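Descriptive structure summary
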Amino acid sequence: MNQISPAAAPAAGPDLNEAERARIMAKAALFAPPPATLPDGRRELVGLSREELVAEMLAIGEKAFRAKQLWHWIYHQGATDFSKMSTIARPLQNKLAERFVIGRPGVNLEQTSTDGTRKWLFGFRDNQQVETVYIPDPEEDRGAVCISTQVGCTLSCKFCHTGTQKLVRNLGAAEIVGQFMAARDSYGEWPSPTDGTPRLLSTIVIMGMGEPLYNYENVAKAMRIIMDGEGIGLSRRRITLSTSGVVPMMDRCGEELGVGLAVSLHAVRDEIRDEIVPLNRKYPIEELMAACRRYPGASNARRITFEYVMLKGINDSEADARELVRLLHGLPAKVNLIPFNPWPGSPYETSSNNAIHRFARIVQDAGYASPIRTPRGRDILAACGQLKTESERAKRSRGNSDAAAEMPALAAHLKPAADAA
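Residues numbered from 1 in each chain as written. Predicted model: local features only at pLDDT ≥ 70, side-chain atom pairs only at ≥ 80, totals over all residues. Heavy atoms only, no water.

Description of the pattern of salt bridges
Spelled out, the test is: Any carboxyl oxygen of Asp or Glu within 4 Å of a side-chain nitrogen of Lys or Arg constitutes a salt bridge here. A run of H or I in DSSP counts as a helix once it spans at least four residues, and a run of E counts as a strand once it spans at least two, with each numbered from the N terminus. Summary of the burial criterion: residues with accessible area below 20% of their type's maximum are buried, those above 50% are exposed, and those between are partly exposed, where the area comes from a 1.4 Å probe applied to protein chains only.
Counted according to the given criterion, the structure contains 26 salt bridges. For R50, the salt bridge goes to D228, with nearest N and O atoms at 2.8 Å. Of the two residues, R50 sits in helix α2 (residues 50-59) while D228 sits in the loop between α6 (216-227) and β10 (239-243), which places them 178 residues apart along the sequence. The class of R50 is partly exposed, set by a relative accessible area of 27%. Here D228 falls in the buried class, since its relative accessible area comes to 16%.

This is the structure in C-alpha coordinates:
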(Lines give C-alpha, C1' and ligand atoms only; values in the text may rest on other atoms or scores of the structure.)
Protein backbone atom coordinates (compact mmCIF):
# COMPACT_ATOMS: atom_id res chain seq x y z
CA MET A 1 0.00 0.00 0.00
CA ASN A 2 1.26 3.47 -0.83
CA GLN A 3 2.52 5.47 2.11
CA ILE A 4 2.82 9.23 2.30
CA SER A 5 6.28 10.36 3.25
CA PRO A 6 7.50 13.70 4.59
CA ALA A 7 9.74 14.05 1.56
CA ALA A 8 6.74 13.79 -0.75
CA ALA A 9 4.85 16.61 0.94
CA PRO A 10 5.70 20.04 -0.46
CA ALA A 11 5.82 23.17 1.62
CA ALA A 12 2.66 25.08 2.40
CA GLY A 13 1.06 27.16 -0.30
CA PRO A 14 2.40 30.61 -1.18
CA ASP A 15 1.28 33.78 0.55
CA LEU A 16 -0.79 34.47 -2.55
CA ASN A 17 -3.27 32.02 -1.09
CA GLU A 18 -4.35 34.64 1.45
CA ALA A 19 -5.18 37.13 -1.28
CA GLU A 20 -6.99 34.41 -3.22
CA ARG A 21 -9.01 33.43 -0.16
CA ALA A 22 -10.03 37.05 0.33
CA ARG A 23 -11.11 37.26 -3.32
CA ILE A 24 -13.12 34.05 -3.02
CA MET A 25 -14.83 35.22 0.15
CA ALA A 26 -15.69 38.58 -1.42
CA LYS A 27 -17.26 36.84 -4.40
CA ALA A 28 -19.20 34.51 -2.09
CA ALA A 29 -20.72 37.57 -0.41
CA LEU A 30 -22.28 38.56 -3.74
CA PHE A 31 -24.30 35.34 -3.67
CA ALA A 32 -25.20 35.44 0.02
CA PRO A 33 -28.35 33.65 1.18
CA PRO A 34 -31.33 35.69 2.39
CA PRO A 35 -31.39 36.60 6.10
CA ALA A 36 -32.64 33.90 8.45
CA THR A 37 -35.62 35.97 9.55
CA LEU A 38 -39.24 35.33 8.64
CA PRO A 39 -41.49 38.10 7.29
CA ASP A 40 -43.19 38.24 10.71
CA GLY A 41 -39.84 39.01 12.37
CA ARG A 42 -39.21 35.65 14.03
CA ARG A 43 -35.63 34.42 13.87
CA GLU A 44 -34.59 30.97 12.62
CA LEU A 45 -32.66 29.12 15.33
CA VAL A 46 -31.34 26.31 13.12
CA GLY A 47 -27.95 27.32 11.76
CA LEU A 48 -26.96 29.55 14.68
CA SER A 49 -23.67 28.76 16.37
CA ARG A 50 -23.68 28.05 20.09
CA GLU A 51 -22.38 31.58 20.72
CA GLU A 52 -25.10 33.11 18.58
CA LEU A 53 -27.75 31.08 20.35
CA VAL A 54 -26.47 32.30 23.74
CA ALA A 55 -26.60 35.89 22.46
CA GLU A 56 -30.22 35.43 21.35
CA MET A 57 -31.19 34.15 24.79
CA LEU A 58 -29.46 37.01 26.59
CA ALA A 59 -31.13 39.49 24.23
CA ILE A 60 -34.59 38.36 25.42
CA GLY A 61 -33.59 38.43 29.09
CA GLU A 62 -32.96 34.71 29.56
CA LYS A 63 -29.96 32.95 31.09
CA ALA A 64 -27.21 31.53 28.90
CA PHE A 65 -27.98 27.94 29.94
CA ARG A 66 -31.23 28.15 27.96
CA ALA A 67 -29.10 27.99 24.81
CA LYS A 68 -27.76 24.61 25.90
CA GLN A 69 -31.29 23.35 26.48
CA LEU A 70 -32.40 24.53 23.05
CA TRP A 71 -29.32 23.02 21.39
CA HIS A 72 -30.21 19.65 22.88
CA TRP A 73 -33.83 19.81 21.75
CA ILE A 74 -33.03 21.07 18.25
CA TYR A 75 -30.02 18.94 17.35
CA HIS A 76 -30.26 15.88 19.60
CA GLN A 77 -34.02 15.37 19.81
CA GLY A 78 -34.87 16.89 16.41
CA ALA A 79 -37.69 18.99 17.92
CA THR A 80 -39.38 21.63 15.78
CA ASP A 81 -42.10 22.63 18.27
CA PHE A 82 -41.25 24.56 21.43
CA SER A 83 -44.31 23.10 23.18
CA LYS A 84 -42.70 19.64 23.00
CA MET A 85 -39.65 20.76 24.98
CA SER A 86 -40.53 19.23 28.34
CA THR A 87 -37.57 20.70 30.24
CA ILE A 88 -38.70 24.24 29.43
CA ALA A 89 -41.62 25.80 31.32
CA ARG A 90 -44.76 26.72 29.38
CA PRO A 91 -44.38 30.52 29.75
CA LEU A 92 -40.90 30.35 28.23
CA GLN A 93 -42.10 27.99 25.51
CA ASN A 94 -44.65 30.62 24.52
CA LYS A 95 -42.08 33.40 24.69
CA LEU A 96 -39.72 31.47 22.42
CA ALA A 97 -42.49 30.66 19.96
CA GLU A 98 -43.31 34.37 19.66
CA ARG A 99 -39.73 35.27 18.75
CA PHE A 100 -38.18 32.24 17.08
CA VAL A 101 -38.83 29.34 14.74
CA ILE A 102 -37.17 25.94 14.28
CA GLY A 103 -37.54 25.34 10.59
CA ARG A 104 -36.91 22.71 7.96
CA PRO A 105 -36.70 22.96 4.18
CA GLY A 106 -40.08 22.32 2.58
CA VAL A 107 -40.37 18.88 0.98
CA ASN A 108 -41.59 19.69 -2.53
CA LEU A 109 -40.99 16.15 -3.76
CA GLU A 110 -39.85 12.88 -2.20
CA GLN A 111 -39.12 9.77 -4.26
CA THR A 112 -37.67 6.38 -3.39
CA SER A 113 -35.93 4.20 -5.98
CA THR A 114 -36.29 0.45 -6.32
CA ASP A 115 -32.66 0.23 -5.14
CA GLY A 116 -33.50 2.17 -1.96
CA THR A 117 -32.06 5.51 -3.01
CA ARG A 118 -34.26 8.33 -1.74
CA LYS A 119 -34.36 11.81 -3.24
CA TRP A 120 -35.87 15.01 -1.90
CA LEU A 121 -36.55 18.24 -3.72
CA PHE A 122 -36.32 20.81 -0.94
CA GLY A 123 -37.74 24.32 -1.20
CA PHE A 124 -36.71 27.35 0.82
CA ARG A 125 -38.53 30.50 1.88
CA ASP A 126 -37.49 32.46 -1.21
CA ASN A 127 -38.82 29.65 -3.46
CA GLN A 128 -35.34 28.48 -4.45
CA GLN A 129 -34.86 24.72 -4.49
CA VAL A 130 -32.09 22.17 -4.13
CA GLU A 131 -31.88 18.43 -4.14
CA THR A 132 -30.69 15.99 -1.50
CA VAL A 133 -30.14 12.27 -2.01
CA TYR A 134 -29.77 9.38 0.44
CA ILE A 135 -27.74 6.46 -0.94
CA PRO A 136 -28.07 3.28 1.15
CA ASP A 137 -25.21 0.84 1.41
CA PRO A 138 -26.20 -2.29 -0.54
CA GLU A 139 -24.73 -4.60 2.09
CA GLU A 140 -25.16 -2.89 5.46
CA ASP A 141 -27.88 -0.91 7.24
CA ARG A 142 -26.21 2.43 6.70
CA GLY A 143 -25.72 4.98 3.97
CA ALA A 144 -24.75 8.50 2.95
CA VAL A 145 -26.74 11.69 2.67
CA CYS A 146 -25.54 13.87 -0.18
CA ILE A 147 -26.25 17.53 0.48
CA SER A 148 -26.10 20.61 -1.73
CA THR A 149 -24.38 23.88 -0.88
CA GLN A 150 -25.47 26.23 -3.67
CA VAL A 151 -28.49 26.83 -5.88
CA GLY A 152 -26.89 26.23 -9.25
CA CYS A 153 -23.16 26.10 -9.91
CA THR A 154 -20.46 28.43 -11.19
CA LEU A 155 -17.90 25.92 -12.46
CA SER A 156 -19.32 24.93 -15.88
CA CYS A 157 -17.61 21.54 -16.02
CA LYS A 158 -18.31 20.40 -19.58
CA PHE A 159 -19.39 16.83 -18.80
CA CYS A 160 -21.71 17.86 -15.95
CA HIS A 161 -25.28 18.94 -16.60
CA THR A 162 -25.34 20.88 -13.34
CA GLY A 163 -22.76 23.18 -14.86
CA THR A 164 -25.29 24.36 -17.44
CA GLN A 165 -27.34 26.00 -14.67
CA LYS A 166 -25.90 29.30 -13.54
CA LEU A 167 -25.25 30.02 -9.90
CA VAL A 168 -28.28 31.65 -8.26
CA ARG A 169 -27.09 31.93 -4.67
CA ASN A 170 -25.30 30.21 -1.82
CA LEU A 171 -27.16 28.23 0.80
CA GLY A 172 -27.05 29.43 4.39
CA ALA A 173 -25.89 27.27 7.28
CA ALA A 174 -29.52 26.61 8.28
CA GLU A 175 -30.36 25.43 4.77
CA ILE A 176 -27.34 23.11 4.67
CA VAL A 177 -27.90 21.62 8.12
CA GLY A 178 -31.63 21.52 7.41
CA GLN A 179 -31.19 19.10 4.51
CA PHE A 180 -29.66 16.48 6.81
CA MET A 181 -32.21 17.16 9.55
CA ALA A 182 -35.11 16.81 7.11
CA ALA A 183 -33.63 13.55 5.85
CA ARG A 184 -33.54 12.32 9.45
CA ASP A 185 -37.16 13.36 9.81
CA SER A 186 -38.01 11.22 6.79
CA TYR A 187 -36.39 8.14 8.32
CA GLY A 188 -37.45 8.82 11.91
CA GLU A 189 -33.85 8.88 13.11
CA TRP A 190 -34.23 11.13 16.13
CA PRO A 191 -32.92 11.42 18.78
CA SER A 192 -29.22 11.25 17.97
CA PRO A 193 -27.53 8.10 19.26
CA THR A 194 -25.25 8.44 22.29
CA ASP A 195 -24.14 4.82 22.61
CA GLY A 196 -22.62 4.19 19.21
CA THR A 197 -25.83 2.70 17.82
CA PRO A 198 -25.55 2.74 14.02
CA ARG A 199 -28.06 4.71 12.00
CA LEU A 200 -29.16 4.45 8.39
CA LEU A 201 -28.09 8.05 7.80
CA SER A 202 -24.55 7.38 8.93
CA THR A 203 -22.41 9.63 6.74
CA ILE A 204 -22.56 12.91 4.83
CA VAL A 205 -21.07 13.68 1.44
CA ILE A 206 -21.01 17.35 0.54
CA MET A 207 -21.40 16.64 -3.13
CA GLY A 208 -24.73 17.93 -4.37
CA MET A 209 -25.35 21.09 -6.36
CA GLY A 210 -22.57 23.67 -6.21
CA GLU A 211 -18.91 23.92 -5.25
CA PRO A 212 -18.81 23.83 -1.42
CA LEU A 213 -15.49 25.66 -1.17
CA TYR A 214 -17.02 28.65 -2.93
CA ASN A 215 -19.48 28.83 -0.03
CA TYR A 216 -16.98 27.90 2.64
CA GLU A 217 -18.18 30.02 5.58
CA ASN A 218 -21.72 28.63 5.48
CA VAL A 219 -20.51 25.08 4.84
CA ALA A 220 -18.01 25.26 7.70
CA LYS A 221 -20.59 26.65 10.11
CA ALA A 222 -23.04 23.92 9.16
CA MET A 223 -20.45 21.17 9.58
CA ARG A 224 -19.42 22.45 13.01
CA ILE A 225 -23.04 22.22 14.09
CA ILE A 226 -23.36 18.69 12.69
CA MET A 227 -20.10 17.58 14.33
CA ASP A 228 -20.99 19.01 17.76
CA GLY A 229 -21.00 16.08 20.20
CA GLU A 230 -23.99 17.38 22.17
CA GLY A 231 -26.22 17.55 19.12
CA ILE A 232 -26.23 15.59 15.89
CA GLY A 233 -22.78 14.29 16.83
CA LEU A 234 -21.53 13.09 13.44
CA SER A 235 -17.75 12.76 13.54
CA ARG A 236 -15.50 14.36 10.94
CA ARG A 237 -14.51 10.87 9.85
CA ARG A 238 -18.06 10.40 8.59
CA ILE A 239 -18.11 13.58 6.50
CA THR A 240 -16.54 13.93 3.05
CA LEU A 241 -16.32 17.21 1.19
CA SER A 242 -15.96 17.07 -2.58
CA THR A 243 -14.25 19.88 -4.48
CA SER A 244 -13.27 20.48 -8.07
CA GLY A 245 -10.02 21.95 -6.77
CA VAL A 246 -10.39 25.36 -5.12
CA VAL A 247 -6.82 25.14 -3.87
CA PRO A 248 -6.66 28.06 -1.38
CA MET A 249 -9.83 26.93 0.36
CA MET A 250 -8.70 23.29 0.44
CA ASP A 251 -5.92 24.35 2.78
CA ARG A 252 -8.32 26.25 5.02
CA CYS A 253 -10.86 23.40 5.04
CA GLY A 254 -8.20 20.91 6.07
CA GLU A 255 -6.88 23.12 8.85
CA GLU A 256 -10.25 24.15 10.29
CA LEU A 257 -12.58 21.20 9.64
CA GLY A 258 -10.41 18.18 8.87
CA VAL A 259 -13.25 16.33 7.16
CA GLY A 260 -12.57 13.72 4.48
CA LEU A 261 -11.58 15.04 1.08
CA ALA A 262 -12.79 14.00 -2.37
CA VAL A 263 -11.38 15.66 -5.48
CA SER A 264 -13.15 15.79 -8.83
CA LEU A 265 -10.08 15.17 -10.98
CA HIS A 266 -11.42 13.74 -14.26
CA ALA A 267 -8.25 14.33 -16.27
CA VAL A 268 -4.50 13.95 -15.77
CA ARG A 269 -3.21 16.53 -18.26
CA ASP A 270 -3.77 20.26 -17.97
CA GLU A 271 -4.78 20.72 -21.60
CA ILE A 272 -7.64 18.22 -21.14
CA ARG A 273 -8.64 19.34 -17.67
CA ASP A 274 -8.60 22.99 -18.77
CA GLU A 275 -11.33 22.05 -21.22
CA ILE A 276 -13.57 19.78 -19.16
CA VAL A 277 -12.97 21.35 -15.71
CA PRO A 278 -12.35 25.05 -16.48
CA LEU A 279 -11.36 25.75 -12.86
CA ASN A 280 -8.09 24.01 -13.78
CA ARG A 281 -7.02 27.14 -15.67
CA LYS A 282 -6.80 28.94 -12.33
CA TYR A 283 -5.55 26.03 -10.21
CA PRO A 284 -3.73 23.55 -12.50
CA ILE A 285 -3.12 19.92 -11.70
CA GLU A 286 0.32 20.46 -10.14
CA GLU A 287 -1.10 22.97 -7.64
CA LEU A 288 -4.11 20.76 -6.97
CA MET A 289 -1.99 17.70 -6.22
CA ALA A 290 0.29 19.76 -3.97
CA ALA A 291 -2.77 20.88 -2.00
CA CYS A 292 -3.82 17.23 -1.65
CA ARG A 293 -0.40 16.39 -0.23
CA ARG A 294 -0.75 19.22 2.27
CA TYR A 295 -4.20 18.11 3.36
CA PRO A 296 -4.15 17.29 7.10
CA GLY A 297 -5.14 13.85 8.29
CA ALA A 298 -4.69 12.04 4.97
CA SER A 299 -3.50 8.52 5.73
CA ASN A 300 -3.92 4.97 4.53
CA ALA A 301 -6.85 4.68 6.94
CA ARG A 302 -8.32 7.91 5.59
CA ARG A 303 -7.49 8.15 1.94
CA ILE A 304 -8.24 11.06 -0.37
CA THR A 305 -10.81 10.01 -2.96
CA PHE A 306 -10.25 11.06 -6.56
CA GLU A 307 -13.36 11.05 -8.73
CA TYR A 308 -12.78 10.28 -12.39
CA VAL A 309 -15.61 10.31 -14.93
CA MET A 310 -14.72 8.06 -17.87
CA LEU A 311 -15.13 9.89 -21.21
CA LYS A 312 -14.60 7.95 -24.41
CA GLY A 313 -11.47 9.05 -26.25
CA ILE A 314 -10.89 11.97 -23.87
CA ASN A 315 -9.38 10.67 -20.64
CA ASP A 316 -9.61 6.87 -20.78
CA SER A 317 -6.40 5.67 -22.43
CA GLU A 318 -3.83 3.40 -20.85
CA ALA A 319 -1.41 6.33 -21.00
CA ASP A 320 -3.89 8.37 -18.96
CA ALA A 321 -4.07 5.60 -16.37
CA ARG A 322 -0.28 5.47 -16.06
CA GLU A 323 -0.10 9.25 -15.72
CA LEU A 324 -2.74 9.08 -12.98
CA VAL A 325 -0.59 6.57 -11.11
CA ARG A 326 2.36 8.95 -11.42
CA LEU A 327 0.31 11.87 -10.07
CA LEU A 328 -0.86 9.81 -7.07
CA HIS A 329 2.63 8.63 -6.10
CA GLY A 330 3.13 9.06 -2.36
CA LEU A 331 -0.50 9.91 -1.66
CA PRO A 332 -2.88 7.73 0.37
CA ALA A 333 -5.51 7.67 -2.34
CA LYS A 334 -8.46 5.86 -3.83
CA VAL A 335 -9.84 6.40 -7.34
CA ASN A 336 -13.54 6.10 -8.14
CA LEU A 337 -14.07 5.42 -11.84
CA ILE A 338 -17.48 6.69 -12.91
CA PRO A 339 -18.87 5.77 -16.32
CA PHE A 340 -20.23 8.94 -17.91
CA ASN A 341 -24.02 9.17 -18.00
CA PRO A 342 -24.88 11.02 -21.26
CA TRP A 343 -27.40 13.83 -21.32
CA PRO A 344 -29.03 15.59 -24.29
CA GLY A 345 -26.66 18.07 -25.89
CA SER A 346 -23.54 16.65 -24.29
CA PRO A 347 -20.61 16.18 -26.71
CA TYR A 348 -19.23 13.23 -24.74
CA GLU A 349 -19.75 9.48 -24.79
CA THR A 350 -19.23 6.84 -22.14
CA SER A 351 -15.99 4.89 -22.30
CA SER A 352 -16.33 1.25 -23.35
CA ASN A 353 -16.38 -1.42 -20.66
CA ASN A 354 -13.06 -2.74 -21.97
CA ALA A 355 -11.43 0.69 -21.74
CA ILE A 356 -12.74 1.25 -18.22
CA HIS A 357 -11.55 -2.14 -17.01
CA ARG A 358 -8.12 -1.70 -18.62
CA PHE A 359 -7.82 1.66 -16.90
CA ALA A 360 -8.88 0.20 -13.56
CA ARG A 361 -6.38 -2.66 -13.83
CA ILE A 362 -3.45 -0.30 -14.32
CA VAL A 363 -4.43 1.79 -11.30
CA GLN A 364 -5.10 -1.28 -9.14
CA ASP A 365 -1.81 -2.91 -10.11
CA ALA A 366 -0.06 0.20 -8.82
CA GLY A 367 -1.63 -0.37 -5.40
CA TYR A 368 -4.60 2.00 -5.52
CA ALA A 369 -8.18 0.85 -5.13
CA SER A 370 -10.12 1.87 -8.24
CA PRO A 371 -13.69 0.58 -8.08
CA ILE A 372 -15.95 1.10 -11.08
CA ARG A 373 -19.22 2.65 -10.00
CA THR A 374 -22.67 2.72 -11.53
CA PRO A 375 -25.36 5.35 -10.97
CA ARG A 376 -27.94 4.76 -8.27
CA GLY A 377 -31.61 5.66 -8.40
CA ARG A 378 -31.93 5.82 -12.16
CA ASP A 379 -35.65 5.00 -12.01
CA ILE A 380 -36.29 8.21 -10.07
CA LEU A 381 -34.05 10.24 -12.39
CA ALA A 382 -31.29 10.64 -9.85
CA ALA A 383 -28.48 9.76 -12.25
CA CYS A 384 -26.07 12.38 -13.49
CA GLY A 385 -27.78 14.72 -15.95
CA GLN A 386 -31.17 13.05 -15.99
CA LEU A 387 -32.82 15.25 -13.44
CA LYS A 388 -32.10 18.55 -15.09
CA THR A 389 -33.40 17.25 -18.40
CA GLU A 390 -36.63 16.12 -16.75
CA SER A 391 -37.05 19.29 -14.72
CA GLU A 392 -36.71 21.39 -17.86
CA ARG A 393 -39.32 19.21 -19.55
CA ALA A 394 -41.65 19.64 -16.59
CA LYS A 395 -40.88 23.34 -16.47
CA ARG A 396 -41.84 23.78 -20.10
CA SER A 397 -45.07 21.87 -19.56
CA ARG A 398 -45.93 24.22 -16.69
CA GLY A 399 -44.93 27.26 -18.70
CA ASN A 400 -42.53 28.21 -15.92
CA SER A 401 -39.35 29.84 -17.14
CA ASP A 402 -37.68 30.14 -13.75
CA ALA A 403 -34.27 28.59 -14.27
CA ALA A 404 -33.73 28.36 -10.53
CA ALA A 405 -36.32 25.60 -10.40
CA GLU A 406 -34.05 23.24 -12.30
CA MET A 407 -32.83 20.46 -10.05
CA PRO A 408 -29.80 18.67 -11.47
CA ALA A 409 -28.36 15.70 -9.60
CA LEU A 410 -24.93 14.14 -9.53
CA ALA A 411 -25.99 10.80 -8.12
CA ALA A 412 -23.50 9.03 -10.38
CA HIS A 413 -20.87 10.52 -8.08
CA LEU A 414 -22.64 9.92 -4.82
CA LYS A 415 -22.01 6.26 -4.00
CA PRO A 416 -18.25 6.61 -4.56
CA ALA A 417 -18.04 9.41 -2.05
CA ALA A 418 -20.22 7.49 0.39
CA ASP A 419 -17.70 4.66 0.29
CA ALA A 420 -14.90 7.14 0.93
CA ALA A 421 -16.51 8.67 3.97
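Side note on the environment of M250
Inclusion rule: Two residues form a contact once any of their heavy atoms are found within 4.5 Å.
Mapped onto the elements, M250 comes out in helix α7 (residues 247-256). As for M250 and L288, which are separated by 38 residues in sequence, their C-alpha atoms are 9.1 Å apart. In contact with M250, not counting residues within four places along its chain, are L213, T243, G245, L261, V263, L288, A291, C292 and Y295.

Let's talk about the nonpolar core
In plain terms, the rule: By nonpolar core is meant a set of buried Ala, Val, Leu, Ile, Met, Phe, Trp, Tyr and Cys residues that side-chain atoms within 4.5 Å join together.
Judged by nonpolar contacts, the single largest core of 105 residues is most densely connected at L70, M223 and F306. Ranked by residues supplied to this core, first place goes to α6 with eight residues. Core analysis: the second largest hydrophobic core is formed by six residues, V133, A144, C146 and M207 among them.

A short note on the pairing of β10
Here is the rule: Paired strands are those between which DSSP finds at least two bridges. Seen with the strands pointing away from the viewer, any crossover whose path from the first strand over the helix to the second strand runs clockwise is right-handed.
Here β10 lies mainly inside the structure; five of its five residues are buried. Burial along β10 is two-sided: I239, L241 and T243 facing one way and T240 and S242 facing the other are all buried. Where strand β9 (residues 201-206) and β10 come together, three bridges link them in parallel fashion. Across the sheet, V205 pairs through a bridge with T240, a residue of β10. Where the polypeptide runs from β9 across α6 and back to β10, its parallel neighbour, the crossover connection is right-handed. Pairing geometry for β10 and strand β11 (residues 260-264), over four bridges, is parallel.

Observations regarding the packing of helix α10 (residues 318-328) against helix α11 (residues 353-365)
A pair of packed helices can be characterised by two numbers: the angle between their axes and the separation between those axes. Applicable threshold: Each axis is a line fitted through C-alpha atoms, and for a helix only the stretch in contact is used; angles between axes span 0 to 180 degrees, taken between their N-to-C directions. Any angle from 65 to 115 degrees is called roughly perpendicular, while one under 35 is roughly parallel, one over 145 is roughly antiparallel, and all others are oblique. Working rule for handedness: look at the near helix, and if it is turned counterclockwise from the far one by less than a right angle, call the crossing left-handed; if clockwise, right-handed. Gly counts as polar in this scheme, as do all residues outside two lists: the nonpolar Ala, Val, Leu, Ile, Met, Phe, Trp, Tyr, Cys and Pro, and the charged Asp, Glu, Lys and Arg.
The interhelical angle for the contact between α10 and α11, taken along N-to-C directions, is 25 degrees, at an axis separation of 9 Å. By the angle class used here, α10 and α11 are roughly parallel. Seen from above, α10 lies across α11 with right-handed handedness. Between α10 and α11, the residues in contact are E318, D320, A321, R322, L324 and V325 and R358, F359, I362 and V363, respectively. Of the residues assigned to the contact of α10 with α11, the class counts are six nonpolar, no polar and four charged.

Here we look at a negative patch on the surface
As a reminder, the rule being used: Two joining distances apply to patches: 9 Å for like charges and 5 Å for nonpolar side chains (Val, Leu, Ile, Met, Phe, Trp, Tyr), and every residue must have over 30% relative accessible area and no salt bridge. Here the Shrake-Rupley method, with its probe set to 1.4 Å, supplies the accessible areas, and only the displayed protein chains count as covering residues. His is not counted here, nor are the chain ends, while Lys and Arg score as positive and Asp and Glu score as negative. A charged residue contributes its charge at one atom only: NZ of Lys, CZ of Arg, CG of Asp or CD of Glu.
Judged by side-chain charge, D270, E271, E286 and E287 come together as a negatively charged surface patch. Elements that contribute at least two residues to the negative patch include exactly α8 (270-276) and α9 (285-294). Within the secondary structure, D270 is located in helix α8.

What about the pairing of β9?
Counting buried positions along β9 yields six of six residues, so the element is predominantly enclosed. Across five bridges, the pairing between strand β6 (residues 143-147) and β9 is parallel. Within β9, the position partnered with A144 by the bridge is T203.

Section: the side chain of N280
Inclusion rule: Two N or O atoms count as a polar contact when they lie within 3.5 Å, although within protein this holds only if one can serve as hydrogen donor and the other as acceptor, and sequence-adjacent residues are included solely when both atoms are side-chain atoms.
Turning to its location among the elements, N280 is positioned in the loop between α8 and α9. For N280, a relative accessible area of 1% gives the class buried. For N280, the side chain forms a polar contact with the side chain of R273, separated by 2.9 Å.

Quick look at the sheet that holds β6
Read from one edge to the other, the open sheet built from nine strands follows the order β3-β4-β5-β6-β9-β10-β11-β12-β13, with strand pairing classed as mixed. Taken across any chain shown, the strands that pair with only one partner, and hence form the sheet edges, are β3 (106-112) and β13 (333-339). Ignoring which end each strand starts from, the neighbouring axes of this sheet average 20 degrees apart. Examined bridge by bridge, β11 and strand β12 (residues 304-310) share three bridges and lie parallel to one another. Bridged to A262 within β12 is T305. Each of β3, β4 (118-123), β5 (129-136), β6 and β9 touches helix α5 (residues 173-187); the most contacted strand, β4, lies at about 130 degrees to it.

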